[in-house]
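Architecture at a glance
As a plain string of letters, each chain reads:
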Amino acid sequence: MGDRLHEIPVTRLKGVGAALASKLTRIGIQNLQDLLFHLPLRYQDRTKIIRIGDIRLGVESMIQGTISSAEIADGRRRSLLCRVQDGAGIISLRFYRFSSEQRNTMKVGVQVRCFGEPRQGASGLEMYHPEWQTISEKHAPSDENTLTPIYPSTEGLTQQRLRTLCSQALGFMNHPDALQEWLPASLLSADHQWSLTEAIRYLHNPPTDANVRVMLEGRHPAQQRLAFEELLAHHLSLQKIRLRIRRQHGHPMPARQKLMTQFLELLPFTLTDAQQRVAREISDDLSQSVPMLRLLQGDVGSGKTVVAALAALQAVENDFQAALMAPTEILAEQHYNNFTQWFKPLGITVAWLTGKTKGKKREQQLELISSGEAAVIIGTHALFQDDVIFNRLGLVIIDEQHRFGVHQRLALKEKGQGATPHQLIMTATPIPRTLAMSVYSDLDCSVIDELPLGRTPVNTIVISDDRRDQIIERVRNACLEGRQAYWVCTLIEKSEVLQCQAAEVTAEQLQEWLPEISIGLIHGRMKSVDKVAVIQAFKEGHLHLLVATTVIEVGVDVPNASLMIIENPERLGLAQLHQLRGRVGRGTVASHCVLMYHGPLSLKGRERLQVMRDSTDGFIIAEKDLELRGPGEVLGTRQTGMIDFRIADLGRDEALLSTVKDAASQLMSEEPDSIEPIIRRWLPQGDHYAEA
Ligand code: ADP
Ligand code: MG
């Protein structure tokens, strides 16, 4: 049969028709392999009958005894209440829903076996809605000899059903190579790894002495074996993209230094050592005929934009176009302003294109881009659209990568005629090493690990919103002293409309309190021209206080702003808070950030705000965020697709990563034929990174 279980649809199993198949699809199960990889969340022990006297509250148990009374109890809700005795104790079974048939069956003197969670109820020990069956003397002490798996499920799909399906699928696995082992024996024995089939069998039906606690944590060797292979598959697939791109042809763009030197001379500051180092790394890459694939990491305010500008100039010096893509209109606009200001004196035309560029203006910009008159093009993801034709695209710079999907990252390469453009990906959300190793392992990495001189670290204060009045006074004083402030509203509502309304209300209230202060408002539903106008007014000092939703999170640069109030910071991720806070502390005066939480805080919530108070280092904060909230939150939701592991967990399985890397190299050199099947097994949508 070969490695074929993924080709056998669930409908081949007994009892699976279209209706059941569609329920299974809802939880991601379409074929037998999906079913085998659908692992239990937890386990129950139904192998032992517990004496009622030995029962522990909250511990699911199987009991057996004789019904000593059965009655309808009229409490707040009518229920069927049966008392069961086994000689060692007594317990009540309570059913709020029951059929008349059940009433007739559960009669005094009948023997029952039940499984449920004992709790303290109105009549003493109770089980609510236990599973039950009547038994006779013939019954074995227990029908089960392994732990009972509890699977993730969906409405209308019972555990019983899932269990039968899984055990059928396990039956298919009896064929010796139904689920082929792709890891070479040398690797399995070196790491004392379980075989794949062994691991799967064990996890679906663990023996009664299995270490359930370790299994709940996902740290059992059987689980780790699967996590290992899954991480390996992801890693191999990223390496494959990397190899594919590295095999493509890129335009060599050697540093000619002319424009670059001129630019540096015009800058009002000198580059930090870290900026110079990464600029050299990028410059070296650009001069190669292999396309660059580089991730530029640097904390908020570390000055990534200038480094990007230098890279763009190197392309322009070689008669190529450079495109810079930002995640939001505001940020694109800001880059556009910076780049035109910097590049105009150098005689370089900068084009501008976002989704909101329409009509004549759009035609004009498209013309600038396709004729090659514009050497630098700034925009949002609108740069990907089909009607955007570049003249000689040599370099693509992507700002704030984590907000884009990988798909967008790779789609731009189609825009280079004949050759693959070099790619520079910038992120201000420092990515913890573990994540970088797994999610970005196809990229080379440069880090700006130093802030420009003269920055004073932001002083962060954590305070309850009981003291809102005092904080408002503080804002008043700061503004009257000529400083500027942000007031950031974060909201729990998913609806953007409601968020924006709430920011509007806050702005009105603050204006009532602070009549002498001029207050501006910015939120995501405003027209883009209006947003830009508000930011401009704030930048020029016409507004003292800017009330904002989290739209100002990235990129807004107003050095005179030195105070930020963040309402309900407990709702945001640390990385996001760090980004927000990065809007202040850009000038030379001491800056403050007030995290005004709404109590009471959970233990974790408190811990997270403390991290913000104690550290201004984005890398430390990101590590903590990963620890406290997991990778999805750190990378931003859009990216979760690519770290949506079935079994692996980057936080938990960090220790596996270096072995995974070694194993990947070993496979690539010794067993190249097993690479594709491993990728296909774990990333069945096809090699979705690479096709993007
Ligand atoms: P980020 O890395 O967050 O994108 P920016 O590139 O926006 O940071 O830079 C933040 C601010 O610091 C900008 O106003 C920029 O002009 C300024 N800047 C960048 N590099 C230096 C430097 N070496 N010395 C002083 N200021 C700098
Ligand atoms: Mg930036």
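Below: a short report on this structure. (Residues numbered from 1 in each chain as written. Chains lettered and ligands numbered in written order. Predicted model: local features only at pLDDT ≥ 70, side-chain atom pairs only at ≥ 80, totals over all residues. Heavy atoms only, no water.)

1. Digging into helix α4 (residues 159-172)
Test applied: Numbering of helices and strands starts at the N terminus; helices are DSSP runs of H or I of at least 4 residues and strands are runs of E of at least 2. Helix span, expected: 1.5 Å multiplied by one less than the number of residues in the helix. A 1.4 Å probe rolled over the protein chains alone gives each residue an accessible area, and that area as a share of the maximum for its type sets the label: buried under 20%, exposed over 50%, partly exposed in between. As used here, the arc is the angular range of directions from the helix axis to the C-beta atoms. For this analysis, residues touch if any pair of their heavy atoms sits within 4.5 Å.
Compared with an ideal rise of 1.5 Å per residue, which puts 14 residues at 20 Å, α4 spans 20 Å between its outermost C-alpha atoms and is within 8% of the ideal. Those residues of α4 that sit buried are Gln159, Leu162, Arg163, Leu165, Cys166, Ala169 and Leu170. The buried residues of α4 occupy one face: seen down the axis, they fall within an arc of 170°. Turning to α4, the residues buried within the fold contact α1 (18-26), α2 (32-37), β9 (148-150) and α6 (196-204).

2. Let's talk about the sheet that holds strand β2 (residues 61-74)
We apply this condition: Pairs of strands are assigned from DSSP output, requiring at least two bridges between the strands. A fitted line through C-alpha atoms represents every axis, and for helices the fit uses only the stretch in contact; the resulting angles, taken between N-to-C directions, go from 0 to 180 degrees.
In space, the seven strands of this open sheet follow the order β6-β7-β4-β3-β2-β5-β8, with mixed pairing throughout. A strand with exactly one partner marks an edge of an open sheet, and here the two such strands are β6 (118-121) and β8 (131-134). Sheet twist, expressed as the average angle between the axes of neighbouring strands with direction ignored, equals 45°. When β2 meets strand β3 (residues 78-85), the two strands line up antiparallel, connected through eight bridges. Considered in β3, the bridge of Asp74 is made with Arg78.

3. Describing the sheet that holds strand β21 (residues 561-567)
By way of backbone hydrogen bonds, the strands of a sheet pair with one another, either parallel or antiparallel. Pairing is parallel across the open sheet formed by six strands, whose spatial order is β17-β22-β21-β18-β20-β19. What marks the edges here is a single partner per strand, and that holds for β17 (459-464) and β19 (519-522). Averaged over all neighbouring strand pairs, the angle between strand axes comes to 20°, with direction disregarded. Pairing of strand β18 (residues 484-488) with β21, which is carried by five bridges, proceeds in the parallel orientation. Each bridged residue has a counterpart across the sheet, and for Ala485 the counterpart in β21 is Leu563. Together, β17 and β22 (592-597) form the strand contacts of helix α20 (residues 603-614), whose direction differs from that of β17 by roughly 150°.

4. Observations regarding the site of ligand 1
The condition that has to hold: The cutoff for a nearby residue is simple: one of its non-hydrogen atoms must lie within 4 Å of the molecule or strand. Within 3.5 Å is the distance limit for a polar contact, defined as a pair of N or O atoms, with the added protein rule that one can donate a hydrogen and the other accept it, and that residues adjacent in sequence qualify only through two side-chain atoms. Values of accessible area rely on a 1.4 Å probe in the Shrake-Rupley scheme; residue burial ignores everything except the protein chains shown.
In the vicinity of ligand 1 lie 17 residues, with Gly301, Lys304, Thr305, Arg455 and Asp557 positioned nearest. Between ligand 1 and Lys304, the relevant distance is 2.8 Å, taken from an oxygen atom to a side-chain nitrogen or oxygen of the residue. Taking Thr305, its side chain carries an N or O atom lying 2.6 Å from an oxygen atom of ligand 1. When ligand 1 sits alone it has 570 Å² of accessible area, and the protein chains cover 80% of it.

5. Overview of helix α19 (residues 574-581)
For α19, a buried count of seven out of eight residues is recorded, marking the element as mostly surrounded by other parts of the structure. Regarding α19, the residues found buried are Leu574, Ala575, Leu577, His578, Gln579, Leu580 and Arg581.

6. Quick notes on the packing of aromatic side chains
The following threshold applies: The rule is short: rings of Phe, Tyr and Trp, with Trp giving its six-membered ring, pair when the centres are within 6.5 Å, and they are stacked under 30 degrees, edge-to-face over 60, tilted in between. To sit over a ring, a charge needs its Lys NZ or Arg CZ within 6 Å of the ring centre and within 35 degrees of the ring normal.
For the structure shown, the criterion picks out nine aromatic pairs. Aromatic side chains Phe37 and Trp682 sit 4.5 Å apart centroid to centroid with 15° between the ring planes, which places their arrangement in the stacked category. Here the residue Phe37 occupies a position in helix α2, and Trp682 occupies one in helix α24 (residues 675-682), the gap between them amounting to 645 residues. Like Phe37, the residue Trp682 is buried in the burial classification. Through a chain of ring-to-ring contacts, three or more aromatic side chains come together here, namely Phe263, Phe339, Trp342 and Phe343. Between Arg46 and the ring centre of Phe115, over which it is positioned, the NZ or CZ distance is 4.1 Å. The ring of Phe320 carries Arg392 above its face, with NZ or CZ at 4.1 Å from the centroid.

7. Focus on the nonpolar core
What counts, and what does not: Put simply, a nonpolar core is a bunch of buried Ala, Val, Leu, Ile, Met, Phe, Trp, Tyr and Cys residues held in one set by side-chain atoms that sit within 4.5 Å of each other.
Core analysis: the biggest nonpolar cluster contains 88 residues, and Leu24, Ile200, Leu226, Leu232 and Ile678 have the highest contact counts within it. Excluding residues that lie within four positions of it along the chain, Ile200 makes contacts with Leu36, Phe37, Leu170, Met173, Leu179 and Leu226. Judged by nonpolar contacts, the second largest core, of 40 residues, contains Leu259, Met260, Val316 and Ile397.

8. Concerning the environment of Leu313
Note that Leu313 resides in helix α11 (residues 304-317). Beyond its immediate stretch of four places on either side in the chain, Leu313 contacts Leu259, Met260, Phe263, Phe343, Leu346 and Ile348.

9. Some details on the pattern of salt bridges
We apply this condition: Any carboxyl oxygen of Asp or Glu that lies within 4 Å of a side-chain nitrogen of Lys or Arg is treated as forming a salt bridge with it.
Tallying each qualifying case throughout the model produces 21 salt bridges. Among the ionic pairs, Arg46 bridges to Glu131, the shortest N-O distance being 2.8 Å. With Arg46 in the loop between β1 (42-44) and β2 and Glu131 in strand β8, the pair connects residues that are 85 residues apart, well separated along the chain. On the basis of relative accessibility, which here comes to 9%, the residue Arg46 falls in the buried class. Taking relative accessible area as the criterion, Glu131 reaches 43% and is therefore assigned partly exposed. A salt bridge links Asp54 to Arg51; the shortest N-O distance between them is 3.3 Å. A relative accessible area of 47% places Asp54 in the partly exposed class. Several salt bridges converge on common partners, so that one network encompasses Glu181, Arg225, Glu229 and Arg681.

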